[in-house]
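A look at the structure
What follows is the residue order along each chain.
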Amino acid sequence: AALDDALDLNRTSAAAWLLKGRCLVAVGEFARAAQAVAVARRHARDRRERSLAATLAETVRRAELAAFLAGLDELLGEGRAAEASWRIQARLRDRPDDPVLLERLCSALLEAGSVDRAREVAANALRVVGRAGAERFEEVLRHVARLDCEGRMRDARLALRRGDTATALVRFGVDGTLGTE
């Protein structure tokens, strides 16, 4: 209330708008905090106030992302991987090259059993994130390859137990016509 009273007295005080933005971050109202920071930027009188506004804008962005990720963790913990992946995909519309979101999408897709889609997202992410972020997506692709290999091995074992050598060879990636003329 005191902060709103101060703003009623001086609507152009960058410091008051920054303080309001900081308070809104503390209570998790990130959209309103971002609006307060935008107003503070417009009213900033000097380099110091502009720097404080830029710093707070980044704080708002990070806090909002942390809250979003915590919500995803909650969904995944409840076994709601499909819902988590939908939320991430919606968020990626605004930030399609965000490596944190892309990595979380891969994890959610794998958890939901969408291995092919996780492979596709990881492969596309490698093209956009650059060398610095590539390692996490290379790890996803290695994990997907292990899953593929495990599935082929399981299918080949089952085929061999049935006496179906041709199917087993195909599952191993070997042409079943080898040695036949």
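Given the structure is predicted, the values throughout are model-derived calculations rather than measurements.

1. Some remarks on the pattern of salt bridges
In total, this model carries 17 salt bridges according to the counting rule given. Residue glutamate 83 is joined to arginine 87 by a salt bridge in which the shortest nitrogen-to-oxygen separation is 2.8 Å. Taken together, the residues glutamate 83 and arginine 87, both in helix α5 (residues 81-92) and 4 residues apart, mark about one turn of the helix. Given a relative accessible area of 22%, glutamate 83 falls into the partly exposed group. We classify arginine 87 as partly exposed; its relative accessible area is 41%.

2. Focus on the confidence of the model for the chain
Averaged over every residue, the pLDDT of the chain is 87; residues scoring 70 or more account for 91%. The secondary structure element of the chain with the lowest average pLDDT is helix α1 (residues 2-9), at 63, and the one with the highest is helix α4 (residues 47-77), at 95.

3. Topic: the environment of serine 13
Locating serine 13 in the fold gives a position in the loop between α1 and α2 (14-26). From its side chain, serine 13 meets the backbone nitrogen of alanine 16 in a polar contact 3.1 Å long.

4. Considerations on the packing of α5 against helix α6 (residues 99-111)
As a packed pair, α5 and α6 sit with axes 8 Å apart at the nearest point and diverge in direction by 155°. In terms of orientation, α5 and α6 fall into the roughly antiparallel class. Considering how the two elements wind past one another, α5 and α6 form a crossing that is left-handed. Within the contact between the two elements, α5 uses Ala81, Ala84, Ser85, Ile88, Gln89, Arg91 and Leu92 and α6 uses Leu101, Leu102, Arg104, Leu105, Ala108, Leu109 and Glu111. When grouped by side-chain class, the residues that make up the contact of α5 with α6 number 9 nonpolar, 2 polar and 3 charged.

The rules behind these values
- Residues numbered from 1 in each chain as written.
- Predicted model: local features only at pLDDT ≥ 70, side-chain atom pairs only at ≥ 80, totals over all residues.
- Heavy atoms only, no water.
- Salt bridge = Lys/Arg side-chain N within 4 Å of Asp/Glu carboxyl O.
- Helix = DSSP H or I, 4+ residues; strand = E, 2+ residues; numbered from the N terminus.
- Buried < 20%, exposed > 50% of the residue type's maximum accessible area, 1.4 Å probe, protein only.
- pLDDT = per-residue confidence, 0-100.
- Polar contact = N/O pair within 3.5 Å; in protein donor to acceptor, adjacent residues only side chain to side chain.
- Axes fitted to C-alpha atoms, helices over the stretch in contact; angles between N-to-C directions.
- Parallel < 35°, antiparallel > 145°, perpendicular 65-115°, else oblique.
- Left-handed = near helix turned anticlockwise from the far one by under 90°.
- Contact = heavy atoms within 4.5 Å.
- Nonpolar A, V, L, I, M, F, W, Y, C, P; charged D, E, K, R; others polar.

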